[in-house]
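Commentary on secondary and tertiary structure
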2 protein chains.
Amino acid sequence: MDLPNDEDPLDLDRQVCFPLYAASNLLNRHYRPILAELGLTYPQYLVMLVLWKNSPQTVGSLGDMLHLDSGTLTPLLKRMEGAGLLDRTRDPEDERRVMVGLTDYGREMRQQAEQVPARLVQNLDLDEATTAALRDQVRTLVSVLNRAADAKP
Amino acid sequence: MDLPNDEDPLDLDRQVCFPLYAASNLLNRHYRPILAELGLTYPQYLVMLVLWKNSPQTVGSLGDMLHLDSGTLTPLLKRMEGAGLLDRTRDPEDERRVMVGLTDYGREMRQQAEQVPARLVQNLDLDEATTAALRDQVRTLVSVLNRAADAKP
DNA sequence: ACTTTTTATATTGTGTACAATATAATGGCG
DNA sequence: CGCCATTATATTGTACACAATATAAAAAGT
């Protein structure tokens, strides 16, 4: 009844999606202890990366950058506000919008965070070429996924 | 104060990890409506893929395949048992182990599931070459992540 | 100006992930 | 045999993700 693996469309090894899922979980697990020293989770770290580039900005633009919606971001940002990393204030220009901006503490954390990428790569013993090639491939996939998402609804 | 993007180690676009994270979330989102017709979530679908290859097997071997621990699997498997997809029984040979096996309903679902990969690829309009290249890259990363995980603790 | 529609967040409910811890059964080892 | 470390799963507590829905402000239409 079982097909040989290279013909079975349901073979785990034939799916792009499974390695991607596994890689994402495993990477998160590698980040966790490093980011825990800063008191951050991985999604929180991503929010900080975006804000260190440009603060303040709206919840919506954060969501566009990170491909997350308010259902994920609102509680996450509230926890970060509670931790003193950022402020959330309604935009007086447009009361629907919430501006998210770094606090002094949030800005200062950037110093520490600069060591994070190096520490991760060191832990994983990844070479630069592999990393760069992979990054480009995955980025291509992300744009495909976004195109498909835009086309449908 | 801002560095140009190609020198800033904290630039979002320079991280492998972020596109991987985004791709994993986006893929999950694409799978969701397709799998919802079968009453499955994506991790539940992965469990079914493993069981269709080999049923029954222990919680531990499922976890090894999917890189998930009992904290994730136990409640997930209980929900799947509740949905009538599988059975969970203590192994009489070793009462610590729980054998997870497909029910008739679970086995029959395989027919429907065979259309899932094709429907996904069709939705995304991905070509075979890109998919294969990406899959190999990500698989390489997964093995690196596992090596690093084994080396540490 | 008033109504309708759209837009920006927030809330609710379900389902993962995972660290830390608990529990119970096996397998040594003296 | 009895004790102890190990192993296999379960539980607890925290933090995402996201669909569906709710809320309220702004924009558009009449």
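Described in the following lines is the structure provided in the data block. Every value quoted in this text rests on a predicted model; they were computed, and no experiment measured them.

Criteria and cut-off values
- Residues numbered from 1 in each chain as written.
- Chains lettered and ligands numbered in written order.
- Predicted model: local features only at pLDDT ≥ 70, side-chain atom pairs only at ≥ 80, totals over all residues.
- Heavy atoms only, no water.
- Pairing = 2+ DSSP bridges.
- Helix = DSSP H or I, 4+ residues; strand = E, 2+ residues; numbered from the N terminus.
- Near = heavy atom within 4 Å.
- Polar contact = N/O pair within 3.5 Å; in protein donor to acceptor, adjacent residues only side chain to side chain.
- Nonpolar A, V, L, I, M, F, W, Y, C, P; charged D, E, K, R; others polar.
- Phe/Tyr/Trp six-rings, centres within 6.5 Å; stacked < 30°, edge-to-face > 60°.
- Buried < 20%, exposed > 50% of the residue type's maximum accessible area, 1.4 Å probe, protein only.
- Contact = heavy atoms within 4.5 Å.
- Buried area = accessible area lost by both parts, 1.4 Å probe.
- Salt bridge = Lys/Arg side-chain N within 4 Å of Asp/Glu carboxyl O.
- Least-squares fit on C-alpha atoms with pLDDT ≥ 70 in both.
- Axes fitted to C-alpha atoms, helices over the stretch in contact; angles between N-to-C directions.

Residues and elements named next belong to chain A. The antiparallel open sheet is built from 3 strands, whose spatial order is 1-3-2. Every interior strand has two partners, whereas the edge strands, strand 1 (57-58) and strand 2 (86-91), have only one. As paired elements, strand 2 and strand 3 (residues 94-102) share 6 bridges and run antiparallel to each other. Of the residues in strand 3, the one forming a bridge with Asp87 is Gly101.

All right, on to the protein's contact with DNA strand C then. Around DNA strand C, the structure places 29 residues, and the nearest of them are A:Tyr21, A:Thr74, A:Lys78, B:Thr41 and B:Gln44. For DNA strand C, the backbone portion of the atoms within 4 Å of the protein, that is sugar and phosphate, comes to 80%. In the environment of DNA strand C, a phosphate oxygen lies 2.3 Å from a nitrogen or oxygen atom belonging to the side chain of A:Tyr21. Here a phosphate oxygen of DNA strand C sits 2.8 Å away from a polar atom, N or O, in the side chain of A:Arg29. Elements with a contribution of two residues or more to the surface near DNA strand C: helix 1 (17-36), helix 3 (59-66), helix 4 (70-82), strand 2 and strand 3 of chain A together with helix 2 (42-53), helix 4 (70-82) and strand 3 (94-102) of chain B. Of the residues belonging to the surface near DNA strand C, the class tally is 6 nonpolar, 11 polar and 12 charged.

Applying the stated criterion across every chain yields a total of 10 aromatic pairs over all chains. A ring pair is formed by A:Tyr42 and B:Tyr21, whose centres lie 5.5 Å apart and whose planes are at 80 degrees; its orientation type is edge-to-face. Of the two residues, A:Tyr42 sits in helix 2 (residues 42-53) while B:Tyr21 sits in helix 1 (residues 17-36), which places them in two different chains. Assessed through its relative accessible area of 5%, A:Tyr42 is described here as buried.

The next subject is the interface of chain A and chain B. Accessible area lost on assembly of the parts is the figure often given for the size of an interface. Counting from both sides, the interface comprises 63 residues of chain A and, opposite them, 63 residues of chain B. Where chain A abuts chain B, roughly 6,000 Å² becomes buried across the two surfaces, and 70% of that area is made up of carbon and sulfur atoms. It is A:Leu10, A:Tyr21 and A:Lys53 in chain A that bury the most area against chain B; as a group they hold 12% of the surface buried on that side. If you look at where chain A meets chain B, you find 4 salt bridges. In this structure, B:Lys53 engages A:Asp11 in a salt bridge whose closest nitrogen and oxygen atoms are separated by 3.7 Å. Residue assignment for the side of chain A that touches chain B shows that the elements contributing at least two residues are helix 1, helix 2, helix 3, helix 5 (104-113), helix 6 (116-124) and helix 7 (128-151) of chain A. Of the residues belonging to the side of chain A that touches chain B, the class tally is 40 nonpolar, 11 polar and 12 charged.

Each copy of the sequence occupies a distinct position, and chain A is placed on chain B by a rotation of 180 degrees and an axial shift of 0.0 Å, giving an RMSD of 0.0 Å. Look at the turn and shift together and you get a two-fold axis relating the two. Mapped onto chain B, 100% of the interface residues of chain A are again interface residues, and the two copies thus contact each other with one and the same surface.

Our next topic: the side chain of A:Asp91. In this fold, A:Asp91 is placed in strand 2. With near-sequence residues (within four places) excluded, A:Asp91 lies in contact with A:Arg97 and A:Met99.

Another point: the sheet that holds strand 1 (residues 57-58) of chain B. Residue and element names in this part refer to chain B. Strands sit in the order 1-3-2 across an open sheet of 3 strands; the sheet is antiparallel. The sheet is open, and its two edges are formed by strand 1 and strand 2 (86-91), each paired on a single side. Pairing between strand 1 and strand 3: 2 bridges, direction antiparallel. When the bridges of strand 3 are listed, Thr58 appears paired with Met99. On top of the sheet, helix 2 reaches strand 1, strand 2 and strand 3; it is set at about 95 degrees to strand 3, its chief contact.

Don't take any of this as a statement about function, it's just geometry.
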